[in-house]
Amino acid sequence: MSTVLGLLNNTIAFSSVDGPGNRFVVFLQGCNFNCVTCHNPYTITRCTDCGLCVGPCPEHALSIEDGPLIVLDTGACTLCDVCIEVCPEDSTPLARVVTVRDLIEEIRAVAPFISGITVSGGEATQQPEFVADLFSTLKADPHLAHLTTFVDSNGAAPVEVWKRLADVMDGAMVDLKALDPATHLRLTARENDQVLASIEYLAQHDLLYEVRLLIVPGYNDDTQTVLRTAEWLSSVDPSMRIKLIGYRAHGVRPEALHIPEATGELLEHLETILREHGFDQIAVT
Amino acid sequence: MEMEEFVEQARSIINDGNLTFHQRKHYLAALAENSLPYPEIGPEAAEALNKGIVSDLYEGHAPYRPRYLLPDYELALAQGSEHLELEPPHTIDEALNFLLILYTQVPSITGFPVFLGDIDSLLLPYAEGVSDAALRAKLRLFWIALDRILPDGFVHANIGPQDNRVVRAILDIERELLQIVPNLSLKVHPDLTSDSLLLDAIETVFTTAKPHFVNHPMMVEDLGTGYGIVSCYNSLKKGGGSHTMVRLNLKEAAVAHSGSIDDFIDATLPFYASLNAEVMASRIRYLVEDARFFEHDFLAREGLVRLDRFSAMFGVYGLAEAVNILMEHEGLDARYGDGGAADELSYRIIGRIRAFVDDCPMPYSEGGGGRSLLHSQSGIDSDVNVTAGTRIPIGTEPETFQHISTVTPHHRHFDAGVSDIFHIDDTVRDNPEAVVDMIRGAFATGMREFTFNVDSNDFVRITGYLVRKSELARFQEGGERHASTVFAAGSVANSHVTERTTKRVLIREHSPRPAQ
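Residues numbered from 1 in each chain as written. Chains lettered and ligands numbered in written order. Predicted model: local features only at pLDDT ≥ 70, side-chain atom pairs only at ≥ 80, totals over all residues. Heavy atoms only, no water.

Can you tell me about the interface of chain B and chain A, naming the residues and giving the values?
On the side of chain A, 39 residues touch chain B, which itself brings 29 residues to the contact. Counting every contact that joins chain B to chain A gives zero salt bridges. At the boundary of chain B and chain A, one finds seven residue pairs in polar contact (both at pLDDT 80 or more). Of all the secondary structure elements, the ones that give two or more residues to the side of chain B that touches chain A are helix H17 (400-411), helix H18 (432-444) and helix H19 (469-476) of chain B. Of all the elements, H18 of chain B adds the most residues to the side of chain B that touches chain A, at seven residues. Its residues assigned to classes, the side of chain B that touches chain A comprises 11 nonpolar, eight polar and 10 charged. (Contact = heavy atoms within 4.5 Å. Salt bridge = Lys/Arg side-chain N within 4 Å of Asp/Glu carboxyl O. Polar contact = N/O pair within 3.5 Å; in protein donor to acceptor, adjacent residues only side chain to side chain. Helix = DSSP H or I, 4+ residues; strand = E, 2+ residues; numbered from the N terminus. Nonpolar A, V, L, I, M, F, W, Y, C, P; charged D, E, K, R; others polar.)

So this is what it looks like as structure tokens:
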């Protein structure tokens with residue numbers, strides 16, 4: 001076990017929506033995308049310790065007097081989220097630095113109840129050494145080695161990151177926000193070349209658990225777009241598992257509230273298109 | 001009871017248009033029984049009973065049948081019944097007919113049988129040579145007959161731990177019929193019960209909120225292989241049963257207590273526990289020595305129940321309130337379920353009660369090694385502001401993993417059963433394997449038994465993101481997360497079922513008296 005530290009937003013002991021079976025989920029802090037539709041915008045940026053959240057905290061759980069860093073009194077914090085609301089940086093003072101050992105002990109307690117762990121975010125691949133360490137430590141522990149290791153990623157990572165993880169990772173769920181580069185840029189503020197390369201690499205190496213298509217009305221929900229996406233995905237792996245996710249407004253920043261939510265009819269229509277392209281493992285949520 | 005009051009109560013039962021004929025007769029019998037003096041108990045026990053610190057669940061003043069009987073149906077099928085003039089059955093039709101007749105003759109505190117046997121293993125030998133389709137059709141009619149002939153929500157069948165054709169057919173029929181009756185428990189063994197059978201049961205939970213899941217090896221260790229889950233998740237010996245259940249209201253014991261926590265553990269708790277035991281012993285003696293049930297009833301005469309397989313249940317409830325009250329007395333801001341000092345106190349209380357029960361001899365209780373069996377009692381409809389058994393109060397449960405971790409240490413003490421309910425998000429419907437993981441984990445870490453309640457909630461994590469507590473609170477401002485009453489330990493199927501059958505099917509044990 002190395003001394004690499006992780007910047008953690010939070011963990012969830014039980015999740016049934018982050019891969020196969022019941023899973024322990026690690027949400028790392030920090031993301032290289034800035035999605036219009038982000039449900040957790042406070043996980044995007046690392047805290048700059050500017051201190052603007054210290055005063056507004058109604059529980060006086062935050063302080064900065066003793067040094068350059070914000071200090072959190074976890075006993076006083078009630079998770080009211082005022083700090084998140086006043087943060088100008090899309091961050092949170094609640095993110096904390098953890099060691100692999102910290103997380104391993106949390107996982108050990110939950111281990112009898114889970115099929116595995118999933119590292120999500122933020123963006124998991126922004127902290128590749130930490131994720132690699134966590135996974136290899138799990139695989140080396142005789143009591144935890146049976147747990148499967150998954151990454152939930154936006155796909156915007158160099159292939160070298162996947163190569164680094166390949167030996168200790170059992171699978172990855174990758175978002176494809178848009179096949180069209182211009183739409184991708186509008187949705188995420190980033191190009192999608194790495195995303196496409198990641199999906200191809202992971203599929204070739206049998207590490208692609210699922211591709212997730214977030215359907216955002218007005219951006220990527222028209223039939224032609226989905227047809228082209230289905231064709232491309234089919235050229236990568238015609239038997240891949242696809243999760244079709246309708247955009248929902250909950251948790252998004254105020255500037256995204258004008259985007260209409262995806263309807264059940266729309267998702268049903270798009271699912272039909274995917275099925276006509278031969279995909280038979282499709283989950284719709 | 002004064003004559004005038006008796007007449008008035010009899011008339012109000014007879015004239016109650018909300019009760020069926022059979023329900024009126026049941027309550028009239030209880031009224032007559034309660035006109036007799038109570039079995040002999042000392043003044044302190046009588047006062048505790050009167051104040052509701054000790055509660056006999058309105059079992060009645062003159063016990064003339066045990067609370068729960070678990071007839072040895074295997075034996076009955078093998079030897080037939082002289083009293084019922086029935087030969088041992090040889091075909092599936094004969095076996096189903098035999099059991100249906102026998103069930104109607106099994107008494108209990110409610111008048112309905114609380115145990116239908118390990119129904120799949122009972123019927124499996126008779127299913128040989130019967131096609132899958134014919135088997136399903138026959139079982140389906142049998143299942144309908146059970147619900148219509150025995151309309152009480154605590155009539156309880158057991159299935160598992162092995163996979164077989166009968167259990168698969170039953171789960172399939174459950175999903176089709178959506179009946180309240182019978183209540184159902186699946187015995188789960190880490191090796192004998194396959195993931196595939198568990199998944200079938202979980203799909204059934206999604207449809208009907210049944211079955212309840214039981215840690216088979218843990219039960220076998222406490223009660224031997226011949227055990228059954230009956231009524232509202234009571235575990236007892238087959239071929240035996242429980243004479244009575246008297247329960248200690250831990251909340252009221254804490255209210256009555258003044259002094260330190262140590263005093264509560266060392267003095268108050270054993271004091272009220274001894275009064276609870278005194279009421280039990282007196283009731284048992286009346287049943288065995290005065291009403292002489294075991295000398296008269298054909299189930300005993302034919303060996304289908306044996307006095308030496310009987311014990312009695314020492315019940316507890318209101319642990320959550322007791323802990324919180326004692327914490328407040330100490331000026332501590334800790335509550336049961338929050339992972340701190342309150343939880344530690346809860347373990348001390350239940351540990352102390354178990355030690356008391358272990359050391360307290362109980363008459364005619366050879367089935368429990370000469371003592372009573374401890375049960376975490378899940379409540380009746382007249383319980384107000386007191387939490388069932390050792391549960392964490394509804395609405396204050398921590399997330400599922402912490403919830404399971406908090407209550408699990410209690411489970412080993414409750415050899416006569418405990419019912420906890422875990423709420424899980426609707427999203428598991430798309431990933432039932434996650435529930436298999438939870439069941440396996442819960443049993444591997446010492447949980448005895450539990451029920452799942454699947455929350456149909458508009459606000460769930462769909463995928464890949466966190467839900468903030470503050471957001472959840474805003475969403476929930478309109479009402480409680482579990483707005484639907486958790487009734488009968490989650491054993492009542494989803495909405496339309498209760499609407500359709502409330503009047504026909506009662507849960508008599510849950511409502512021991514007519515509505516006031």
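Residues and numbers for the sheet that holds strand E2 (residues 23-28) of chain A, please.
Residues and elements named next belong to chain A. Here we have nine strands laid out as an open sheet, ordered E5-E1-E2-E6-E7-E8-E9-E10-E11, and mixed in their pairing. Edge positions in the open sheet fall to strand E5 (96-99) and strand E11 (282-284), since each of these has one partner strand only. Geometrically, the sheet is characterised by an average inter-axis angle of 30° between neighbouring strands, direction not taken into account. Bridge count between strand E9 (residues 208-215) and strand E10 (residues 242-246): five bridges; the pairing is parallel. (Pairing = 2+ DSSP bridges. Axes fitted to C-alpha atoms, helices over the stretch in contact; angles between N-to-C directions.)

How would you sum up the environment of Val174 of chain A? Please name residues and give values.
If you trace the backbone, Val174 of chain A turns up in strand E8 (residues 171-175). Here Val174 of chain A is in contact with Ser153, Asn154, Gly155, Val195, Ile199, Leu202, Leu208, Glu210, Val211 and Arg212 of chain A, once residues within four sequence places are set aside.

Hey, could you go over H18 of chain B for me, with residue numbers and the actual values?
Here H18 of chain B spans 19 Å end to end across 13 residues, near enough to the 18 Å set by a 1.5 Å rise per residue. With 10 of its 13 residues buried, H18 of chain B lies for the most part within the structure. The set of residues buried in H18 of chain B consists of Pro432, Ala434, Val435, Val436, Asp437, Met438, Ile439, Gly441, Ala442 and Phe443 of chain B. For H18 of chain B, the secondary structure elements touched by its buried residues are strand E1 (5-15) of chain A together with strand E5 (183-188), helix H9 (195-208), strand E6 (212-215), strand E12 (420-425) and strand E13 (449-455) of chain B. Gly446 of chain B lies just past H18 of chain B and shows a positive phi near 105°. (Expected span 1.5 Å × (residues − 1). Buried < 20%, exposed > 50% of the residue type's maximum accessible area, 1.4 Å probe, protein only.)

I'd like to hear about the domain arrangement of chain A, residue by residue, with values.
Residue and element names in this part refer to chain A. Each assigned domain of chain A is listed with its residue range as follows: domain 1 (5-43 + 95-284) and domain 2 (47-94). The C-alpha centroid of domain 2 is placed 29 Å from the C-alpha centroid of domain 1. Contact with domain 1, which involves nine residues of that partner, is made by six residues of domain 2. Contact between domain 1 and domain 2 buries roughly 540 Å² in total, counting both sides, with carbon and sulfur atoms accounting for 45%. Linking domain 1 with domain 2 are one salt bridge. A salt bridge links Arg253 to Asp90; its shortest N-O distance comes to 2.6 Å. When its residues are assigned to classes, the side of domain 1 that touches domain 2 shows three nonpolar, four polar and two charged. (Domains from an automatic or database assignment. Buried area = accessible area lost by both parts, 1.4 Å probe.)

Could you give an account of the pattern of salt bridges, naming the residues involved and the relevant values?
Residue and element names in this part refer to chain B. Going through the model one piece at a time under the given rule, you end up with 42 salt bridges over all chains. Salt-bridge contacts for Lys187 lead to Asp118; the nearest nitrogen and oxygen are separated by 2.8 Å. Of this pair, Lys187 sits in strand E5 while Asp118 sits in strand E3 (residues 115-118), placing them 69 residues apart in sequence. Judged by relative accessible area, which is 2%, Lys187 ranks as buried. Two residues, Arg371 and Asp415, come together in a salt bridge whose shortest N-O distance is 2.9 Å. Of this pair, Arg371 sits in the loop between helix H16 (341-359) and strand E11 (373-376) while Asp415 sits in the loop between H17 and E12, and the two are 44 residues apart along the sequence. As far as the burial class goes, Arg371 and Asp415 line up, both buried. Here the residues in one salt-bridge network are Arg136, Arg140, Asp163, Arg168, Asp172, Arg175, Glu176 and Asp200, joined through shared partners.

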